[in-house]
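Summary of the model geometry
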Amino acid sequence: MLGTAALIMIIVIIFLLLKNKIIPGAVLIIVPIVTALITGFSIVNIGKFVMSGLGTVSSVIAMFVFAIMYFGVVSDAGMFDVFVKNIVKRTRNNVLSVTIATAIIGMIAHIEGVGAATFLITIPAMLPIYKRLRIRPQALVLLVGAAAGVMNIVPWGGPTLRAATALQMDVVALWKPLIPLQIVGFITVLALACVISKLEVRNGAGQVDIEAITEAIETKVDPLHRPNLLAFNLILTILALALLVSSLVAPAVVFMLAMCIALPVNYPDIKTQSEIVKKHAPSAMLMAVTLMGAGAFLGILSGTKMVDALATSLINIIPAFLAPYLHIIIGAFGAVIGMGLGPDPYYFGLLPIVKGIVSAYGVEPATVARAMLIGENVAFPVSPVVPSVYLGIGLAGIQLGEHIRYSFLWLWAVSIIMLVAGIALGIIPL
């Protein structure tokens with residue numbers, strides 16, 4: 001019963017998110033609580049589950065709020081106009097150049113394997129360019145997400161570490177055979193950037209007067225701009241991102257300090273400081289509420305054991321004759337399953353079960369892990385249960401529903417291509 005309830009709950013959540021009729025935070029709070037009540041859990045226990053889930057996302061919420069405020073401050077100060085002017089001059093109205101550059105930057109930025117850092121590095125820098133060229137911000141989040149998803153297979157990335165831990169394997173040994181698939185993934189993402197550029201041009205992107213835009217940027221007079229503090233803001237941003245990548249300081253603390261330095265230095269007047277904070281507070285608060293909803297959802301999903309029941313139910317519906325290929329099937333649908341389960345239940349709950357079933361047919365544990373890694377990894381940027389997803393869409397100023405509609409099928413297609421390549425190359429033998 002729990003497995004069925006969990007499946008229905010996830011379907012209802014995704015349906016409501018796609019409809020964009022209720023804010024995501026409310027959906028992620030109300031639907032799981034109602035489901036838990038229907039399945040017999042008391043409101044007291046549900047409250048404990050929710051608080052436990054909130055504890056897992058509290059640091060992400062703090063990082064998100066202060067990151068949004070920080071990038072808002074340096075953006076208002078005019079820091080990103082320098083990049084916009086230079087890139088617009090070089091690319092002219094060439095949308096293809098911008099989308100390919102986005103994919104490459106996303107791959108490089110995700111070398112450290114942290115989704116939040118990748119979104120923080122790429123989206124604030126590239127979003128003004130997308131706006132200038134009338135490229136939809138959904139395209140930006142898709143391409144950055146696809147690049148991060150392919151790169152996320154690195155051994156220091158969360159999913160690969162989880163898979164190796166769950167199967168008690170050496171993480172580097174698990175990863176090395178996947179390197180050719182990452183190369184396939186990189187090529188696929190670059191091809192995706194070409195396709196997206198054509199679709200965006202068809203949608204009106206690039207049909208702008210570049211000379212007028214360049215002149216407007218160069219002659220733009222904004223009372224909030226601080227051109228004399230450009231070097232300071234650049235150095236502060238580079239230091240913040242370096243600390244973020246180094247993992248020496250908690251991300252939330254990094255952006256707390258950065259924001260508290262940038263705000264008074266750029267705007268010494270307390271009245272202006274208050275205006276800046278009020279300007280960016282609505283978007284930060286809306287996404288903070290969404291993240292708290294995600295925490296409540298995760299807490300209920302875990303505390304009620306619905307996630308375990310769902311994993312078992314998924315296994316039980318597979319016909320017996322397909323059992324030897326269960327890892328391939330789960331890998332093919334990893335993008336879909338990962339959206340509902342999240343990385344921890346997927347690797348620590350579902351992966352051992354699948355390994356136990358297919359091992360009877362002589363399938364190696366490493367083969368199981370590699371097959372299941374691909375789908376969940378590549379599609380993590382559209383999962384409602386991955387906190388960094390909310391950071392990415394918040395920075396881009398888009399809703400979760402429209403992001404899923406725009407990106408999901410493309411990301412799933414990338415994962416399928418990589419899985420097929422793995423089978424063809426013998427990395428994931430049938």
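**A word on the packing of aromatic side chains**
In this structure the tally under the stated criterion is six aromatic pairs. Ring geometry for Tyr 70 and Phe 255: centres 6.2 Å apart, planes at 55°, overall tilted. Here Tyr 70, found in helix H3 (residues 43-76), pairs with Phe 255, found in helix H13 (residues 251-266); they are 185 residues apart in sequence, far enough to count as distant. The two residues Tyr 70 and Phe 255 agree in class, both being buried. Judged by centre distance (5.8 Å) and plane angle (45°), the rings of Phe 71 and Phe 255 are tilted. Remark: Phe 255 occurs in helix H13 and Phe 71 occurs in helix H3; sequence separation between them is 184 residues. Side by side, Phe 71 and Phe 255 carry an identical accessibility label, which is buried. Each member of the aromatic cluster is reached from another via a ring pair, and the members are Tyr 70, Phe 71 and Phe 255.

**A word on the pattern of salt bridges**
For the coordinates displayed, the defined rule picks out two salt bridges. Residues Lys 279 and Asp 76 are paired through a salt bridge, measuring 2.8 Å at the closest nitrogen-oxygen approach. Of this pair, Lys 279 sits in helix H14 (residues 270-303) while Asp 76 sits in helix H3; the two residues are 203 residues apart in sequence, bridging distant segments of the chain. With a relative accessible area of 47%, Lys 279 lands in the partly exposed category. Residues Glu 200 and Arg 136 are paired through a salt bridge, measuring 2.8 Å at the closest nitrogen-oxygen approach. Taken as a pair, Glu 200 in helix H10 (residues 179-202) and Arg 136 in the loop between helix H6 (115-132) and helix H7 (137-151) lie far apart in primary sequence, 64 residues in all. Take Glu 200: its relative accessible area is 0%, and that puts it in the buried class. We classify Arg 136 as partly exposed; its relative accessible area is 31%.

The rules we used
Residues numbered from 1 in each chain as written. Predicted model: local features only at pLDDT ≥ 70, side-chain atom pairs only at ≥ 80, totals over all residues. Heavy atoms only, no water. Phe/Tyr/Trp six-rings, centres within 6.5 Å; stacked < 30°, edge-to-face > 60°. Helix = DSSP H or I, 4+ residues; strand = E, 2+ residues; numbered from the N terminus. Buried < 20%, exposed > 50% of the residue type's maximum accessible area, 1.4 Å probe, protein only. Salt bridge = Lys/Arg side-chain N within 4 Å of Asp/Glu carboxyl O.

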